[in-house]
Amino acid sequence: MIPEFLHEGRLWALLALPALALLYLALVYFRRDGGGRLPINTDRPWVRHTAVALSILSLGLLTVAWATPQQTIQVPRDRATVVIVMDVSLSMEAADVPPTRLAAAKESAKEFVLSLPPGFNVSLVEFAGTASIAIEPTIDRGAVTAAIDNLQLRESTAIGEGIYAGLDALLMVPPDPDNPESNPPAALVVLSDGESQRGRSPYTAARAAKEAGVPVNTIAFGTDWGYIIDPRTGRREMVRVNREQLAEIAREGGGKSYYAPSAERLREVYAEIRQTTGTQEAYQEVTSRYVGAGLVVGLLAALGIVSLGARWP
């Protein structure tokens, strides 16, 4: 994004840069001795030319900084609430994501919780045939990770009930002691490997969350070849991930859908969610960015000049 400038008139100083480049070229051309060689070290002419180019670029970046650039950037949020809505249906016992889907999901969820900013409240909802709030929104990361460890498998799948329980959890968010009237943003992260079989419609639940200003992000976790052993018959039962339904739930809920066929991909997905949930857009001065870039480029130019052991032409 092209920045705007508080002191736009100062950008006229950039016109000096092409003049400096032309002056350098003129010095290179006219300060040659009779043998056609420069009276300086020319063993590595590309280093000299690169050093000059970097010097001019550094001046350009510092000039832009002098004009006080401003633009919309992503900045960390101070507060928000994330509700992890996790499927604990029997299909999560499939071992296509070792050691099992549930065990791998637990580890990634704990890493995700511990990576969130300290001021974020986190809640955990578990669902199978019914849904319940495993832990209310809290900044106590130890309590949340302990609740994740305590998740147990149960029968059936009711994604809609999980979403509604997530919305109920948001009603329990403690007020900000510094600003009790504020309403920090919130998001649901629904992780499931199956298809909703019981309870209220997951699409209706997702739309209700969207109307409440709470995006519903979904993670379809597992592969198409996962299976479990039916304890009653001893038969192998395939438990394919219903990516299509989870993607539609995310669309209805105004969030994003992700597919994670492995534990590694699940970690990446949580990192993406952390990035989008943990930051917000803000219009700010970004002078320091250009100053920093200008100084780094200037340092590289200086190193190039020192390596030549000679003056510029």
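Residues numbered from 1 in each chain as written. Predicted model: local features only at pLDDT ≥ 70, side-chain atom pairs only at ≥ 80, totals over all residues. Heavy atoms only, no water.

The name that an unreviewed UniProt entry assigns to the protein chain is VWA domain-containing protein, with the source organism given as Ammonicoccus fulvus.

Visitor: Requested: an account of the overall build of the protein chain, with residues and values cited.
Guide: Scanning the protein chain from terminus to terminus reveals nine helices and 11 strands. Across the 313 residues in the protein chain, those meeting the buried criterion constitute 45%. Across the protein chain, the fraction of contacts at a sequence separation of at least 24, relative to all contacts at a separation of at least 6, is 81%. As presented, the protein chain carries roughly 16200 Å² of accessible surface, and 57% of it is formed by carbon and sulfur atoms. (Helix = DSSP H or I, 4+ residues; strand = E, 2+ residues; numbered from the N terminus. Buried < 20%, exposed > 50% of the residue type's maximum accessible area, 1.4 Å probe, protein only. Contact = heavy atoms within 4.5 Å. Areas by Shrake-Rupley, 256 points an atom, 1.4 Å probe, with all protein chains shown as cover.)

Visitor: Run through the nonpolar core, naming residues and quoting values.
Guide: Formed by 34 residues in total, the largest nonpolar core has its most connected members in I84, M86, L191, I219, F221, L266 and Y270. If you list the elements that add at least two residues to this core, you get β3 (81–87), α3 (101–115), β4 (121–127), α4 (141–149), β6 (186–192), β7 (216–221), β10 (254–260) and α8 (263–277). Counting residues per element, this core draws most heavily on α3, which supplies six residues. Residue contacts for I219: discarding those within four places in its chain leaves V189, V190, L191, S192, L246, Y258, A260, L266, V269, Y270 and I273. (Core = buried A, V, L, I, M, F, W, Y, C linked by side-chain atoms within 4.5 Å.)

Visitor: Can you break down the UniProt feature "transmembrane region" (unreviewed entry) in the protein chain residue by residue, with the values?
Guide: If you check UniProt for "transmembrane region" (unreviewed entry), the listed places come out as residues 12–30, 51–69 and 290–310 in our numbering. Split by type, residues 12–30 is 79% helix and 0% strand. Its first and last C-alpha atoms lie 29 Å apart. In residues 51–69, the share of helix is 84% and the share of strand is 5%. The end C-alpha atoms are 26 Å apart. (UniProt positions renumbered as here; feature names shortened; annotations may be inferred.)

Visitor: Any details on the sheet that holds β3? Residues and values, ideally.
Guide: Spatially, β5-β4-β3-β6-β7-β10 is the arrangement adopted by the six strands of the open sheet, whose pairing is mixed. Pairing within the sheet leaves two strands with one partner each, and these edge strands are β5 (131–138) and β10. When the angles between neighbouring strand axes are averaged without regard to direction, this sheet yields 15 degrees. Inspection of the sheet shows β7 paired to β10 by five bridges, in the parallel sense. The residue bridging V216 from the neighbouring strand is G254, located in β10. Contacts from α4 reach β4 and β5, with the element oriented near 165 degrees to β5. The strands touched by α8 within the sheet are β3, β6, β7 and β10, with β10 carrying the most contacts at an inclination of about 160 degrees. (Pairing = 2+ DSSP bridges. Axes fitted to C-alpha atoms, helices over the stretch in contact; angles between N-to-C directions.)

Visitor: Please set out the pattern of salt bridges residue by residue, giving values where relevant.
Guide: Counted under the stated rule, the structure contains 15 salt bridges. A salt bridge links D96 to R101; its shortest N-O distance comes to 2.9 Å. The partner of K110 in a salt bridge is E107, and the shortest N-O contact between them spans 3.1 Å. On the criterion of helical spacing, the pair formed by K110 and E107 is a turn pair, its members being three residues apart in helix α3. Each of D224, R240, R243 and E244 takes part in a single network of salt bridges with overlapping partners. (Salt bridge = Lys/Arg side-chain N within 4 Å of Asp/Glu carboxyl O.)

Visitor: Describe helix α6 (residues 202–211), naming the residues involved and giving the relevant values.
Guide: By the burial criterion, the buried members of α6 are P202, A205, A206 and A209. Along α6, the residues classed as buried sweep out an arc of 100 degrees about the axis, all on the same side. The elements touched by buried residues of α6 are α5 (159–170), β7 and α7 (243–252). Put simply, S201 is the residue that caps the front of α6, since its side-chain oxygen is 3.2 Å from the backbone nitrogen of Y203. (Arc of directions from axis to C-beta. Polar contact = N/O pair within 3.5 Å; in protein donor to acceptor, adjacent residues only side chain to side chain.)

Visitor: Which residues make up helix α1 (residues 16–30), and what are the values?
Guide: A rise of 1.5 Å per residue sets the reference length of α1, with its 15 residues, at 21 Å; its end C-alpha atoms lie 21 Å apart and thus fit the reference within 8%. Taken as a whole, α1 has its buried residues at L17, Y24 and V28. With its buried residues spanning 35 degrees around the axis, α1 presents them on a single face. Exposed and facing more than 90 degrees away from the buried side of α1 are L22, Y29 and F30. Elements in contact with the buried residues of α1: α2 (45–66). (Expected span 1.5 Å × (residues − 1).)

Visitor: Would you mind going over unusual backbone geometry in detail, with residue names and values included?
Guide: Across the junction of P98 and P99, the peptide omega takes the value 0 degrees, indicating a cis bond. Within the element layout of this structure, P99 appears in the loop between β3 and α3. Of note, T68 is a non-glycine position whose phi angle comes to about 60 degrees, a positive value. By secondary structure assignment, the location of T68 is in the loop between α2 and β2 (69–76). We note that S156 has phi near 70 degrees; this positive angle belongs to a residue other than glycine. By relative accessible area, S156 is classed as buried at 15%.

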